[in-house]
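Observations on chain architecture
Chain residues, written in single-letter form:
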Amino acid sequence: MTTRILPAVGDLDAARSVTTLLSQLPDAEPATPVGDSTQLIDTLARLAGEALDELPEVVLVHERIGPVPALELIREVSLRFPSVGVVLITADASPNLFANAMDSGARGLVTLPLSYEELANRVQAAAQWSAGVRRHLTSGNEVFTGPGGTVVTVTGAKGGVGATVTAIQLALAAQASGSTVALVDMDLQTGDIASFLDVQFRRSLVDLAMITDISPRVLSDAVFSHSTGLALLLAPGEGERGEEVSDRSARQIVSALRTRYEIVVIDCGAQMNGANAAAVEMADVALLVTTPDVVAVRGAKRVVRMWERLQIRKAEETITLVNRFTRNTEIQPPLIQKITGTRVASAAVPANFKELQASIDSGRLHELDAKSTVKQALWGLAGELGMVKENATGKKSGGALARRNSGGALKNDRGSIGRPRRRRDGSGHGPGDSEGTR
């Protein structure tokens, strides 16, 4: 049987050495080495999206891979691609590292400098284990068919721009279309999802922070099942305890969630820390929420530049949502796109807080009227971001709010940017321009 091997080696000299030895192994089919953790995850996700059989049997992870540390990367690969055998390449052969590698999900450890015999033995053992797992998966009722759930992070350019409302409505839209959805409050000090959804809870993110192996049962104990069907993982009630959630534990939590839910929406708030920075880095979609005013747009630019400096996310990989939009504002979406260097979502959210106030004050944001222009815009955004399932007819499920026309805009979406509707009196102002929404 041919063994497909994907090396993840950042150092060029080490990559050449690994490739040379792998080419000498019998029945081995080594792939071109990937240079960092992001490229490895993207490659595996693409292959898994095609078919289970397209995944390599063995992944070799070099100890100096980056930007995600080797052990955390092994854990993520093991959680998202359970049929792949991962082997760590390291110069440290201590029992402590060996134990940590096994806890992270590695199937073996190869010490540097590499020897042909040791490498062959570890690769063969990992390949046999992978083959056994795949036989088990394909013989059962549940077959692993993809790279895991989609992670969407929602970050505010500054406080009060509407990031939490956006995260909640995106999660509700995805859940209404038939997806299993987890909503995570990673605004660790000032998170308000529990207040918006009228939830009394005992467990929080902190309860998972110190756990090295988050099993499905442990995860389900920490998650609150909301009446809407959303699975909520909430910020701690005592804000100072948010410091207990490190970037490493955040990666483990997000990885565990995406293996159990099709959509994971994370409210990152407006304050950046190690935990929500890790979430943004791992996200499939990073949404940045701003309002069309100078202070908020400057804040959005500051966030984007910080992400780039810290190598968390590139500007062109970020989507900006304009909230509280009116057509007569001086700062228009094209200008925001130019200032931030991000892609601005095609649907903006109209300035109409009156629609939200009663639901927010009562803690019943999930019961927001379907006729609300704010809800229509946010549910339309969920369709634009690919969070809404398609039904058998090929149309987006979840009602007219999620259907697109041939031009890519959402029908009946009064919050989208486009030609203003005319009133019966012939004026060119739409519903979003009424005095009550300014």
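Structure first, text after, so check above.
Residues numbered from 1 in each chain as written. Predicted model: local features only at pLDDT ≥ 70, side-chain atom pairs only at ≥ 80, totals over all residues. Heavy atoms only, no water.

1. Section: the overall build of the protein chain
Put simply, the rule reads: Only DSSP runs of H or I with at least four residues qualify as helices, and only runs of E with at least two residues qualify as strands; both kinds are numbered from the N terminus onward. Think of it in three bands: with a 1.4 Å probe and only protein chains considered, a residue is buried below 20% of the maximum accessible area for its type, exposed above 50%, and partly exposed in between. In what follows, residue pairs with any heavy atoms lying within 4.5 Å of each other are defined as contacts.
Scanning the protein chain from terminus to terminus reveals 15 helices and 13 strands. Evaluated residue by residue, the protein chain yields a buried proportion of 53% over its 438 residues. The long-range share in the protein chain, meaning contacts at least 24 apart out of those at least 6 apart in sequence, stands at 74%.

2. Some thoughts on the packing of helix 6 (residues 163-176) against helix 15 (residues 373-384)
Our working definition: A fitted line through C-alpha atoms represents every axis, and for helices the fit uses only the stretch in contact; the resulting angles, taken between N-to-C directions, go from 0 to 180 degrees. Helix crossings fall into two classes, left-handed where the near helix is turned counterclockwise from the far one by less than a right angle and right-handed where it is turned clockwise. Three categories are distinguished: nonpolar for Ala, Val, Leu, Ile, Met, Phe, Trp, Tyr, Cys and Pro, charged for Asp, Glu, Lys and Arg, and polar for the others, with Gly belonging to the last.
For the pair helix 6 and helix 15, the least separation of the axes is 8 Å and the interaxial angle reads 65°. In the packing of helix 6 onto helix 15, the handedness of the crossing is right-handed. Along its contact with helix 6, which presents V165, T166, Q169, L170, L172, A173 and A176, the element helix 15 presents K375, L378, W379, L381 and A382. Its residues assigned to classes, the contact of helix 6 with helix 15 comprises nine nonpolar, two polar and one charged.

3. Overview of the nonpolar core
The following threshold applies: Only buried Ala, Val, Leu, Ile, Met, Phe, Trp, Tyr and Cys residues count toward a nonpolar core, and they belong to the same one when joined by side-chain atoms within 4.5 Å.
The biggest cluster of nonpolar side chains holds 44 residues, and the ones touching the most others in it are L183, V265 and M387. Broken down by secondary-structure element, the contributors of at least two residues to this core are strand 6 (150-156), helix 6, strand 7 (181-185), helix 7 (193-196), strand 10 (263-269), strand 11 (285-290), strand 12 (318-322) and helix 15. Counting residues per element, this core draws most heavily on helix 6, at nine residues. Contacts of V265, omitting those with residues within four sequence positions, involve V152, V154, A167, A171, V181, A182, L183, V184 and M387. A277, A283, L288 and A300 belong to the second largest nonpolar core, which has 41 residues in total.

4. Topic: the sheet that holds strand 1 (residues 3-8)
Which entries qualify depends on this criterion: Here, a strand pair is defined by DSSP locating no fewer than two bridges between the strands.
The sheet built from five strands is open, its strands ordered 2-1-3-4-5 with parallel pairing. At either margin of the open sheet sits one strand with a lone partner, and together these are strand 2 (28-30) and strand 5 (108-111). Geometrically, the sheet is characterised by an average inter-axis angle of 25° between neighbouring strands, direction not taken into account. With four bridges joining them, strand 4 (residues 85-90) and strand 5 adopt parallel strand pairing.

5. A short note on the side chain of T90
What counts is decided by this rule: Counting of polar contacts relies on pairs of N or O atoms within 3.5 Å, with two restrictions inside protein: one atom must be capable of donating a hydrogen and the other of accepting it, and residues adjacent in sequence are counted only when both atoms are side-chain atoms.
Looking at the secondary structure, you find T90 in strand 4. Accessibility expressed as a relative area gives 1% for T90, which makes it buried. Within the structure, T90 has its side chain in polar contact with the backbone nitrogen of D92 (distance 3.0 Å). Aside from chain neighbours lying at most four places away, what touches T90 is E63, L97, L109, V110, T111 and L112.

6. A look at a negative patch on the surface
Under the convention used in this document: Residues enter patches when they are more than 30% accessible in relative terms and free of salt bridges; like-charged ones are connected within 9 Å and nonpolar ones (Val, Leu, Ile, Met, Phe, Trp, Tyr) within 5 Å. The method behind every accessible area is Shrake-Rupley, applied with a 1.4 Å probe, and residues are considered shielded solely by the protein chains displayed. For this analysis, a salt bridge means a side-chain nitrogen from Lys or Arg found within 4 Å of a carboxyl oxygen belonging to Asp or Glu. Asp and Glu are treated as the negative residues and Lys and Arg as the positive ones, with His and the ends of the chain left uncounted. Lys charges are placed at NZ, Arg charges at CZ, Asp charges at CG and Glu charges at CD.
Negative charge collects at one region of the surface, where D42, E308, E316 and E317 lie side by side. Summarising the element assignment, E316 is placed in the loop between helix 12 (294-309) and strand 12. Judged by its relative accessible area of 57%, E316 falls in the exposed class.

7. Some remarks on the environment of V223
With respect to the helices and strands, V223 occurs in the loop between helix 9 (216-222) and strand 8 (224-225). Measuring from C-alpha to C-alpha, the distance between V223 and R202 comes to 9.8 Å, with 21 residues separating the pair along the chain. Leaving out residues up to four positions away in the same chain, V223 has contacts with A231, L232 and Y261.

8. Here we look at the pairing of strand 11
Counting buried residues in strand 11 gives six out of six residues, a clear majority hidden from the surface. Of the two faces of strand 11, the one lined by V285, L287 and V289 and the one lined by A286, L288 and T290 are each fully buried. Pairing analysis gives five bridges linking strand 6 to strand 11, with the strands arranged parallel. Residue pairing in the sheet places G156 in a bridge with V289 of strand 11. As judged from the five bridges shared by strand 11 and strand 12, these two strands associate in the parallel manner. The partner of L287 across the bridge, within strand 12, is I319.

9. Describing the side chain of T320
Take T320: it is sitting in strand 12. The exposure class of T320 is buried, given its relative accessible area of 0%. Separated by 2.6 Å, the side chains of T320 and T342 make a polar contact.

10. A closer look at the pairing of strand 10
Of all seven residues making up strand 10, seven are buried, and the element is well covered by its neighbours. Of the two faces of strand 10, both are covered, the one formed by I263, V265, D267 and G269 as well as the one formed by V264, I266 and C268. Inspection of the sheet shows strand 7 paired to strand 10 by five bridges, in the parallel sense. Each bridged residue has a counterpart across the sheet, and for V184 the counterpart in strand 10 is I266.

11. Focus on the sheet that holds strand 13 (residues 343-344)
Judged by pairing direction, the sheet is mixed, and its eight strands sit side by side in the order 8-9-7-10-6-11-12-13 without closing on themselves. In this open sheet, the two edge strands, each paired with only one partner strand, are strand 8 and strand 13.

12. Side note on unusual backbone geometry
Trans peptide bonds make up the majority, and among non-glycine residues the majority have a negative phi. Put simply, G66 and P67 share a cis peptide bond, and its omega is -5°. Tracing the backbone shows P67 in the loop between strand 3 (58-62) and helix 3 (70-80). Residue P113 follows L112 across a cis peptide bond; omega there is 0°. Mapping P113 onto the fold places it in the loop between strand 5 and helix 5 (116-139). Although it is not a glycine, D27 sits at a positive phi angle of roughly 60°.

13. Structural notes on the pattern of salt bridges
Counted according to the given criterion, the structure contains twelve salt bridges. R46 is the salt-bridge partner of E50, the closest N and O atoms lying 3.9 Å from each other. Taken together, the residues E50 and R46, both in helix 2 (residues 37-50) and four residues apart, mark about one turn of the helix. The residue R258 makes a salt bridge to D284 at a minimum N-O spacing of 2.7 Å. Of this pair, R258 sits in helix 10 (residues 247-258) while D284 sits in the loop between helix 11 (274-282) and strand 11, and the two are 26 residues apart along the sequence. The buried category is assigned to R258, whose relative accessible area is 2%. Residue classification places D284 among the partly exposed positions, given a relative accessible area of 41%. When salt bridges with common partners are traced through the structure, they connect E76, R80, R258 and D284 into a single cluster.

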